[in-house]
Amino acid sequence: MANGWRIIAQRALSNEFLDWDIPLALSSNPKRTLSGPGALTATIEPEYARLIGPDKAPILQEWGTKLFLEVDGEIRWGGILTKAAFDGAKMSIECEGLTSYPHGIPYEDQLISGELITPPDPYEGRDKNHDGYIDFSSPKRPVPEPPKPYAGPRIDAYVAFRKVWEHVLTRPYGDIGIRVDSHNLGKLLGAEDGSDPWELAWWDNPDCGQALDQLTRDMPFDWVETHAWAPDHRTIDHRVRLGTPRLGRKRDDLRFADGENIAAIAKPEGLGDEYANEIIVLGKGEGRAMARAQLHNFDGRRLRRVATITDKTLASPEALRLRGQHELTGRSQALQIPAIQVMDHPNARFGAWSLGDDIRIQVHVPWVGDIDVWHRIIGDEVSADGTCVLTLRRSDSFHY
């Protein structure tokens, strides 16, 4: 491991520190991901007798060990060991960020926003002869119209996000230590008129991780998993930061350019068969009653290309439009640089950026020429050789 680097092991439930410098050989650089858990893979060889915890259990244990990468005193990555494989004296491990934990955990309660409520009709059954009047009324009074249905309470998208996490963390042996930001997004789930409630119900066997992913996709918004030493430097705090509605900012103070701090760029890519300037979204229902939305973005230069998206979880016009806009912005942009490898440099010191930031990329691409385009950082991988790979998407491919 490079100078200033160490991988710290901690018991998943008790948070007891087990080892302050696990002798791992990284197979892939620790990766952080915007609105995702990130990952790390590594090997260890030969078998180390010291890798037994005070509880006499192996330090490296599937779903029992948290691992953290510390670089020069700062926690740069954190996750949980999810898979181990053995080949003689060699052990291979796969780790995912702590936010991967809800996947595979069932939601065992009911959570509903915008439920359609039909009030009881106080005059039901009081016109037994069906003449339109209240039985035995004198003078005769007509039966009033029954009360109209209405939408029940609606909850903010971030409230639902936190409630799913709360469900995960409060199950027996489920507290992985994550704390979620407490502010609201300002967008309520479910239709205002009760026609399309948002619901998680145990009888549908929903998956907590999938529910969180769908909330992130459908609203949409950003979140990022972070880890940092507590002020006393004795514990590590784990947080899910929520964007409102997005994380990051435009970084005019950073520069990324060929011949300066960019060591390499990934092959520039277009969209090919994925390109579309018109999106049709098909939602709930069948036949003529199927919910549908159609959006386009024609520039007057390129032929019409259509992509059809089917998602039977969508019913309201707003939900269909948001999904369509998300697909349209992602499928209709021009050339992008998917990744760059950067060096620690006065232009942009390591740790100066955050996931979600927009940065200006200035590179020369053969057959295309000079590219000067704003891209958004959606992932990073720090390397022991003093470089970092930034995973990018064009900033104008986001619609929020």
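Starting from 1, residues in each chain are numbered consecutively following that chain's sequence as written. Local features are withheld for residues below a pLDDT of 70 in this predicted model, meaning they are given only at 70 or higher, and side-chain atom pairs are given and counted only at 80 or more; totals for whole chains, interfaces and linings count all residues. Values shown for side chains rest on all heavy atoms present in the structure; no hydrogens or waters enter the calculation.

A. Quick look at the overall build of the protein. Numbering of helices and strands runs from the N terminus, with a helix taken as a DSSP run of H or I at least four residues long and a strand as a DSSP run of E at least two residues long. Assigned secondary structure in the protein consists of 3 helices and 23 strands. If you line up the protein on its principal axes, its C-alpha atoms span 95 × 65 × 40 Å. Relative to its full complement of 400 residues, the protein shows a buried share of 45%. Contacts are residue-level and defined by heavy atoms, with any inter-residue pair within 4.5 Å sufficient. Taking the contacts inside the protein whose residues are at least 6 apart along the sequence as the reference set, 67% of them involve residues at least 24 apart. In the form shown here, the protein has an accessible surface area of approximately 21,100 Å², with 50% of it arising from carbon and sulfur atoms. Think of it in three bands: residues with accessible area under 20% of the maximum for their type are buried, residues over 50% are exposed, and the middle band is partly exposed, with areas taken using a 1.4 Å probe on protein chains only. Surface accessibility in these figures is a Shrake-Rupley result with a 1.4 Å probe; residues are shielded only by whichever protein chains are displayed.

B. View of the pairing of strand 23 (residues 387–394). By the criterion of burial, strand 23 is predominantly enclosed, with 6 of the 8 residues buried. Any two strands between which DSSP finds at least two bridges are classified as paired. The sheet contact formed by strand 20 (residues 339–343) and strand 23 spans 5 bridges and is antiparallel. Counted as the bridge partner of Gln-341 is Val-389 from strand 23. As paired elements, strand 22 (residues 369–382) and strand 23 share 7 bridges and run antiparallel to each other. Looking across to strand 23, one finds that Ile-377 is bridged to Leu-392. Hairpin connection of strand 22 to strand 23: 4 residues between the antiparallel strands, including Gly-386 at a positive phi of 90°.

C. Examining the confidence of the model for the protein more closely. On average, the protein scores 89 in pLDDT, and the residues at 70 or more come to 96%. The predictor rates its confidence in each residue with pLDDT, a number between 0 and 100. Element-level mean pLDDT values for the protein span from 81 in helix 3 (residues 317–331) up to 97 in helix 1 (residues 157–170).

D. Seen up close, the side chain of His-167. Mapped onto the elements, His-167 comes out in helix 1. With sequence-adjacent residues up to four places away left out, His-167 is seen in contact with Pro-106, Tyr-107, Glu-108, Asp-109 and Cys-208.

E. Representation of the sheet that holds strand 14 (residues 236–242). An order of 11-14-13 is seen for the 3 strands of this open sheet, with the pairing classed as mixed. The open sheet is flanked by strand 11 (178–180) and strand 13 (223–229), the only strands paired with a single partner. Sheet twist, expressed as the average angle between the axes of neighbouring strands with direction ignored, equals 30°. With 7 bridges joining them, strand 13 and strand 14 adopt antiparallel strand pairing. Bridging across to strand 14, Thr-226 finds its partner in Arg-239. Note on geometry: axes are C-alpha line fits, over the in-contact stretch for helices, and angles between N-to-C directions span 0 to 180 degrees. Relative to strand 11, helix 1 is tilted by about 160°, and along the sheet it contacts strand 11, strand 13 and strand 14.

F. Main features of the pattern of salt bridges. Salt bridge, as applied in this entry: a Lys or Arg side-chain nitrogen positioned within 4 Å of an Asp or Glu carboxyl oxygen. On inspection of all chains with the given rule, the structure shows 20 salt bridges. Of the charged contacts in the structure, one is a salt bridge between Asp-222 and Arg-376, with a shortest N-O distance of 2.3 Å. Residue Asp-222 is located in the loop between helix 2 (208–218) and strand 13, and its partner Arg-376 is located in strand 22; the two are separated by 154 residues in the primary sequence. Overall, Asp-222 belongs to the buried group, its relative accessible area being 1%. A salt bridge links Arg-323 to Asp-311; the nearest nitrogen and oxygen atoms lie 2.8 Å apart. In this pair, Arg-323 sits in helix 3 while Asp-311 sits in the loop between strand 19 (306–310) and helix 3, placing the two residues 12 residues apart along the sequence. Just as Arg-323 is buried, Asp-311 falls in that class too. Among the charged side chains, a salt-bridge network with shared partners connects Arg-217, Asp-218, Asp-311 and Arg-323.

G. Local environment of the sheet that holds strand 17 (residues 278–282). The strand order across the open sheet formed by 3 strands is 18-17-19, and the pairing between neighbours is mixed. Lying at the two open borders of the sheet, with one neighbouring strand each, are strand 18 (292–296) and strand 19. Adjacent strand axes in the sheet meet at a mean angle of 15° when their direction is disregarded. As paired strands, strand 17 and strand 18 are joined by 5 bridges and run antiparallel to one another. What sits directly across from Ile-279, in strand 18, is Leu-295.

H. Layout of the side chain of Ser-395. Considering the arrangement of structural elements, one finds Ser-395 in the segment after strand 23. Not counting chain neighbours up to four residues away, the residues in contact with Ser-395 comprise Asp-358, Trp-374, His-375 and Arg-376.

I. Main features of helix 1. If you check helix 1, its first and last C-alpha atoms are 20 Å apart, about what 14 residues at 1.5 Å a residue would give, namely 20 Å. Most of helix 1 sits inside the fold, with 10 of its 14 residues counted as buried. Among the residues making up helix 1, those that are buried are Ala-157, Tyr-158, Ala-160, Phe-161, Arg-162, Val-164, Trp-165, His-167, Val-168 and Leu-169. Each element contacted by the buried residues of helix 1 is listed here: strand 8 (110–113), strand 11, strand 12 (198–201), helix 2, strand 13 and strand 14. Capping of helix 1 at its N-terminal end is provided by Asp-156; its side-chain oxygen lies 2.9 Å from the backbone amide nitrogen of Tyr-158. How far a helix is expected to stretch is found by multiplying one less than its residue total by 1.5 Å. Pairs of N or O atoms are called polar contacts if they sit within 3.5 Å, as long as, within protein, a hydrogen donor faces a hydrogen acceptor (for residues adjacent in sequence, only side-chain-to-side-chain pairs).

J. Structural context of the environment of Trp-223. Locating Trp-223 in the fold gives a position in strand 13. Sequence-wise, Trp-223 and Arg-239 are 16 residues apart; in three dimensions their C-alpha atoms are separated by 9.9 Å. Every residue in contact with Trp-223, bar those within four places of it in the chain, is listed here: Leu-34, Ser-35, Gly-36, Pro-37, Thr-99, Phe-161, Thr-216, Val-240, Arg-241, Leu-242 and Leu-247. There is a polar contact of 3.2 Å between the side chain of Trp-223 and the side chain of Thr-216.

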